[in-house]
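Survey of secondary and tertiary structure
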Amino acid sequence: MPKYSYRKVQQNEDGGIEMGTPSKATTRLYDEAEFDGDDLAHRRLPTCLSLLILLTIVYVLSRTSSSSTCTYDLTSLNMGAIRKQMFANQPPHIIECSSAGENEDQSACHLPRPERYAALKQKGATLWMTGCSGAGKTTIATALEEKLVKEYGKHVYRLDGDNIRTGLNRDLGFSADDRDESVRRVGEISTLFSDAGVITLVGLISPYREGRDEVRKRHEDQGIPFYEVFLDVPVEELMSRDPKGLYEKVKSGELKHFTCIDDPYEEPQHPEITLKTRDLKIEESVEVLFRRLREDGILEGAPKLAPAGLPNPDGDEIVDCHVPSKDRAERIKEAETLPKVLITDLDLNWLQVIGEGWASPLKGFMREGTLLEALHFNSITVDPFNLTGNALRHERKTNFDTFTDVQPPGRVSMSVPITLSCTDYTKDAIEASPKKAVALVTQMGETVAILRDPEIYENRKEEIVTRMFGVIDPGHPYIKKIYEGGPWLIGGEVELLDRIKYNDGLDEWRKTAKQLTDEFKAKNADVVYAFQTRNPTHAGHAYLMKSAGQDLKKQGYKNPVLWLSPLGGWTKEDDVPLDVRVKQHHEVLRAGTSHPGGLDPDKTVMAIWPSPMVYAGPTEVQFHAKSRRSAGASYFVVGRDPAGMKGSMEAVAHKDDDLYNGDHGRYVLQMSPGIGDMKMLSFVKVMYDVKSNSMTLPDESRMEDFISISGTKMRTLARQQAVPCPDVVPTDLLGENCVPNGFMVPKGWDIVTDYYSNIDTKEWVPWSRPIVEPNIDAHKTHSTGTFGSNSFELSLREGGSSFWHSIPLYHDAEKKMINFITEIPMYVTAKMEV
C-alpha cells in the first residue's frame, strides 16, 4: 500500500515559513524552488482573507431569526447505503507512519506487540458474546471482568449496549443497516483495545452472522485472538427470565421487530465457546471462559510454550542444558583440557535438577547475586524479554559496584540455594588456568558437564543455613552437608555432556521436565496435579489422589492427569529407599482401579523428580511446588508439615520434636512470592472403613467402624510381616498382626514387608547415586557386589597372594606387617574400605 508522511514545516532565519522535503511516496504539492518563504506567505494571504470572510458570513446567517433557518428531512436519507458507498471508496489523504515499508501497516510505528504483552503480563483478546436479550451476556461479562481485574489484576474492559449506545453509537437506531454499523464500530474498537493488550468483553445481540464474521476477520487479519461466545438459551427460558420486561412488551404488542421474536437472529455456526446458561450457574459460565483464556495463554504476557491447559515453566523459558548430539564429541574433547572440579553425588543430583529444567530459569549453579536473591526473597527477578536490559542478569558475574537503573519486571519462585562448593586447591587451579570454563567430574571419575565463566565467591555457610532453615540444629542432616562443603562456591552456567544415568534399574522412570510435559500432552491432559511421595502409597493416598481428580472435574476440567512424583535425590538415612518406593508405586499402577489402593494408569504418570531433599520445611516446599510447575503441573498436593522433620538431639529448641509448625508449610506456600496462580490441594485425614474395606473420610455417626493406620503402625506391621486380615477386620491390627485387604495393593505390600523385614541384610538404592562398572582386568580378577558400595569385593581368578607380584606380601615377617598397594583410577574419589 502507499506510504505517506507529514511534510516538515519550520521557520527560517528570516522569519518566513519553510517547507521540508516530502517523503518519496508523498505527492509534491509545491515546487519550493519557485519562491522563498516570504513570497509563500504573501501568496497565501488572499486565501486566508477569503476564508475569514466566508466564516463571518456563516456566523451572521446562524444568528438570524429561526424563520430563515433551512431545515432538512434526514429521514429520507438511506444512511446505510451512504456508508457502504463511503467504505467502497479508497480512504483519501491517510497519513501512514513513515517507518512502515511497502505493503506494511502502521504496526511498524507502534511498540511491538510481544514486548507490550510481556510488559503487561497478559495478551489482548476479544470475547464477543452474542445471544438474544436476557441470555446473560452482560451478567456473565460483568462477573468475568470482576474476577479477572480483582483476583488476577488483569486489564479488562467491557463493551455493551449500555455504554456504547450512549456515546459511540448514539446516532444509530435499530434498523438492519444501523445494527450492522453498530457491530462494525464495536468490532473496530474491540480490535484496537485488544491490540493494546486489553481483554475486551463485548456483549451485543449482534443478530446477523455476516457482521460477526466480518469482525472476526478483522481480528484475524490483525493476528488478535477472537472468541465468539454463543449464549444458547431457548426462547421460552428467556421469556420466563425477562429481566427488563421487554418480552412482556413484545407479547402485549407494545414492542415490534424484537430480535429473536419477530426479527431474525442468526445463530453462530462455529462459535469458539457455547454457554447453555439455562443449565449453568453464573459462576460456572465464568469459569468456562476464564479457563479458556488461561489454557490459551491469554492471561500470560509470554508466548505459550506449554500445551493448552498447562502452565509455562518459571521464567517463561524451557531450560534444557544438554549439549546437542552433533556437538557432544567436540565438547568432550574440550572438557579434557579444562581444570577439573570434583563433585559429590549430592552435587550430581543438583546438576541434574538444573540441566533438565527443574529449576527454570536457572541455567547453572547460582552466582553470588542470584544466591542472595534466593536467600533473602525466596525468589529471583527475571526479564526474559529484555524489557529493561536485564535478560542475562543471572548469567553474568555479580557486580557490587554497578547496579541496574530499572529492576527486572518479573519475579519467580526460587527458595532453595543451588550451589557448588570447592576447596582452596580447586579455586587456585581455576584461577591459575587461562581457560574460561571448568569440567565437572563425579566421584567415580566421569566427566559429566562443563561449567562456563566460573564465578568464585565465599561460601558463607552460617548465612546460608540461617536464611535457608531458620532453625539452629547442627545435627540436621542437610545442614551437616553444607558445613562439610569447601570454603568457596562456584557459580556459572552448565552444559551437560549427556543425560545423567544412574544405572540402578530405575532410569526408565527418570524424565526431563520437557519429556514429562510431552507425556502429559500425549495423554490430552487439560490440567496436571502433582503428588510428591517419600513413602509407599497406600489406599489413603490413593483416595486423596482420586478425590483430587474428581474435584478438578467438578471445576470443569475434562481430563485431569495425576503426576505421581517420587523424590529421587539425596535423602536422610532412615527414609524409605528410592527403589522400594518406585517399585511399590509401579505395583499400585499395575493394580489399576481393581483395588481401592490402585490408580488408573491411563490417568496417571509416574516419574521420578530428581531433586535432593533438604528438610527445610516451609522454605523447601515452595521449591517442590515451583519445580513441578516447570513440567506442567498447575496443582500441587500438600500435606501437614511438608518437607519438615524432627530436630536432632543437637537442636537448640526442638530436640526430637517437629522443627516446623505443621500448618506453616501450607500457609507459606499459598502466600509465596513468585508462586503465581499455582493452586494447592490439601491433605485431609482419612481412616480405614471396615464396612467398605477402603480408606475414606471418617463418618462421625459411626466412628466405631473406622481404624487409624499411622505410618508408624504400617512400618511395624511390615516388620512383623503381617498377613491379610480376615473378612471381619479386628480393631487391634498390631495384636492380630494383620493388614486389612483394602489398605494397600497386595504386591505393593509384599515389597514393603520385604524391605522392613530385610532392612539391614539386603542392598537397597537409597537415592539416586550412579552405579558404574569397576575398571578392572576381567581376565585376572573377579568382582562381586556393587562397585562403590560395601558389598564390592575383588579377588584373583587364579592363585597368588598379591596383585603386585614383584613386591613381597610380608613387609616384616616377624611383626606380620603386610604390604598393601592399590591403584585408584584418575579422578575417582570414592573411598575404599578394607
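Calculation notes
Residues numbered from 1 in each chain as written. Predicted model: local features only at pLDDT ≥ 70, side-chain atom pairs only at ≥ 80, totals over all residues. Heavy atoms only, no water. Helix = DSSP H or I, 4+ residues; strand = E, 2+ residues; numbered from the N terminus. Contact = heavy atoms within 4.5 Å. Areas by Shrake-Rupley, 256 points an atom, 1.4 Å probe, with all protein chains shown as cover. Pairing = 2+ DSSP bridges. Axes fitted to C-alpha atoms, helices over the stretch in contact; angles between N-to-C directions. Salt bridge = Lys/Arg side-chain N within 4 Å of Asp/Glu carboxyl O. Buried < 20%, exposed > 50% of the residue type's maximum accessible area, 1.4 Å probe, protein only. Core = buried A, V, L, I, M, F, W, Y, C linked by side-chain atoms within 4.5 Å. Parallel < 35°, antiparallel > 145°, perpendicular 65-115°, else oblique. Left-handed = near helix turned anticlockwise from the far one by under 90°. Nonpolar A, V, L, I, M, F, W, Y, C, P; charged D, E, K, R; others polar. Patch = residues over 30% accessible without salt bridge, like charges linked within 9 Å, V, L, I, M, F, W, Y side chains within 5 Å. Lys, Arg positive; Asp, Glu negative; His and termini not counted. Charge placed at Lys NZ, Arg CZ, Asp CG, Glu CD. Disulfide = S-S within 2.5 Å. Phe/Tyr/Trp six-rings, centres within 6.5 Å; stacked < 30°, edge-to-face > 60°. Lys NZ or Arg CZ within 6 Å of the ring centre and 35° of its normal.

**So, the overall build of the protein**
When helices and strands are tallied, the protein shows 24 helices and 29 strands. Long-range pairs, those at least 24 residues apart, make up 71% of the contacts in the protein between residues at least 6 apart in sequence. Surface accessibility of the protein: about 44,000 Å² in total, with carbon and sulfur atoms responsible for 52%.

**Structural notes on the sheet that holds strand β19 (residues 635-638)**
The parallel open sheet is built from five strands, whose spatial order is β18-β17-β16-β19-β20. Either end of the sheet is taken by a strand with one partner, and the two such strands are β18 (604-606) and β20 (679-682). Direction aside, the axes of adjacent strands within the sheet are offset by 25° on average. For strand β16 (residues 527-533) and β19, the ladder comprises three bridges, and the chain directions are parallel. Each residue of the ladder has a partner; that of A530, found in β19, is F636. Its contacts with the sheet place helix α18 (residues 539-554) against β16, β17 (560-566), β19 and β20, and it is angled at close to 165° to β16. Running at roughly 145° to β19, helix α20 (residues 618-629) makes contact with β16, β17 and β19 of the sheet.

**Description of unusual backbone geometry**
Look at the link from S360 to P361: it is a cis peptide, with omega at 10°. Secondary-structure assignment places P361 in the loop between α12 (345-355) and β9 (364-365). Unusually for a residue other than glycine, N503 sits at a positive phi of about 55°. With respect to the helices and strands, the residue N503 is situated in the loop between β15 (488-496) and α17 (513-522).

**Digging into the pattern of salt bridges**
Within the structure shown, the criterion is met by 50 salt bridges. Residue E237 pairs with R241 through a salt bridge whose shortest N-O separation is 3.2 Å. Remark: R241 and E237 occur in helix α8 (residues 235-241); sequence separation between them is four residues, near one turn of the helix. Judged by its relative accessible area of 29%, R241 is partly exposed. Notably, a salt bridge pairs K326 with D327, separated by 3.2 Å at the nearest N-O pair.

**Comments concerning the nonpolar core**
The biggest cluster of nonpolar side chains holds 82 residues, and the ones touching the most others in it are W350, L351, F365, L440, F469 and W563. With six residues, α12 is the single largest residue contributor to this core. Other than its neighbours up to four places away in sequence, L440 contacts V341, I343, L351, F365, L420, E446, T447, V448, A449, L451 and V494. Core analysis: the next-biggest nonpolar cluster, separate from the first, contains 31 residues, L127, A135, L148 and Y227 among them.

**Details of the environment of L148**
Looking at the secondary structure, you find L148 in helix α4 (residues 137-152). Note on L148: relative accessible area 0%, which makes it buried. With 151 residues separating them in the primary sequence, L148 and L299 have C-alpha atoms 8.9 Å apart. Filtering out sequence-adjacent residues up to four positions away, L148 remains in contact with G153, K154, V156, I199, F290, L293 and L299.

**Section: the packing of α20 against helix α21 (residues 664-671)**
Closest axis-to-axis distance for the α20/α21 pair is 8 Å, and the angle between their directions is 55°. The angle between the axes of α20 and α21 places the two elements in the oblique class. Here α20 runs over α21; the crossing is right-handed. Along the contact surface, α20 presents P618, V621, Q622 and A625, while α21 presents H664, G665, V668 and L669. Partitioned by chemical class, the residues of the contact of α20 with α21 number five nonpolar, three polar and no charged.

**Focus: the environment of G491**
When you line up the elements, G491 lands in strand β15. The exposure class assigned to G491 is buried, which follows from its relative accessible area of 0%. Along the sequence, G491 and T370 sit 121 residues apart, while their C-alpha atoms lie 9.3 Å from each other. Each residue touching G491, except ones within four places of it in the same chain, is listed here: F365, M366, R367, L451, D453, P454, E455 and Y457.

**A short note on a negative patch on the surface**
Taken together, the side chains of D180, E210, D213 and E214 define an acidic patch exposed on the protein surface. Per-element tally for the negative patch: the top contributor is helix α7 (residues 209-222), with three residues. Inspection of the secondary structure puts D213 in helix α7. Judged by relative accessible area, which is 37%, D213 ranks as partly exposed.

**Digging into the sheet that holds strand β21 (residues 687-689)**
Sheet strands pair by backbone hydrogen bonding; their relative direction is either parallel or antiparallel. Ordered in space as β22-β21-β23, the three strands form an open sheet in which the pairing is antiparallel. Only two strands of the sheet have a single partner each, and these edge strands are β22 (694-696) and β23 (706-707). Relative to β22, β21 runs antiparallel, the two being bridged by three bridges. Its bridge partner being in β22, Y688 is matched across the sheet by M695.

**Section: the state of the cysteines**
The full count for this structure, using the stated rule, is two disulfides. With a sulfur-sulfur separation of 1.9 Å, C132 is cross-linked through a disulfide to C260. In this structure, the disulfide formed by C132 and C260 twists by about -90° around the S-S bond and is classed as left-handed. Of the two residues, C132 is situated in the loop between β3 (125-130) and α4 and C260 in the loop between α9 (246-252) and β7 (273-275); the sequence distance between them amounts to 128 residues. Of the residues examined, C132 reaches a relative accessible area of 10% and is grouped as buried. Residue C725 pairs covalently with C738 via a disulfide, S to S 2.0 Å. Handedness of the C725-C738 disulfide follows from its S-S torsion of about 85°: it is right-handed. Of the two residues, C725 sits in the loop between β24 (723-724) and α23 (733-736) while C738 sits in strand β25 (residues 738-739), which places them 13 residues apart along the sequence.

**Quick look at the side chain of S611**
Mapping S611 onto the fold places it in the loop between β18 and α20. Setting aside anything within four residues of it in sequence, one finds S611 in contact with W350, V353, L567, G568, G569, W570 and F623.

**Structural notes on the packing of aromatic side chains**
For any pair of aromatic rings, the description rests on two quantities: the centre-to-centre distance and the angle between the ring planes. Considering all chains together, one arrives at 16 aromatic pairs under this definition. For the ring pair F743 and W749, a centre distance of 6.4 Å and an interplane angle of 80° mean the geometry is edge-to-face. Taken as a pair, F743 and W749 share a single burial class, namely buried. Pairwise contacts between aromatic rings join F469, Y478, W570 and Y615 into one cluster. The positively charged end of K427 is found above the aromatic ring belonging to W488, 4.7 Å away from the centroid. Stacked on the ring of W563, the Lys or Arg R628 has its end atom at 5.8 Å from the ring centre.

**Notes on the packing of helix α13 (residues 368-377) against helix α15 (residues 461-469)**
Interhelical geometry of α13 versus α15 gives an angle of 40° and a closest axis separation of 8 Å. By the angle between their axes, α13 is oblique relative to α15. Where α13 approaches α15, its residues L371, L372, L375 and H376 are matched on the opposing element by E463, I464 and R467. When grouped by side-chain class, the residues that make up the contact of α13 with α15 number four nonpolar, one polar and two charged.

By themselves, these figures tell us nothing about what the structure is for.
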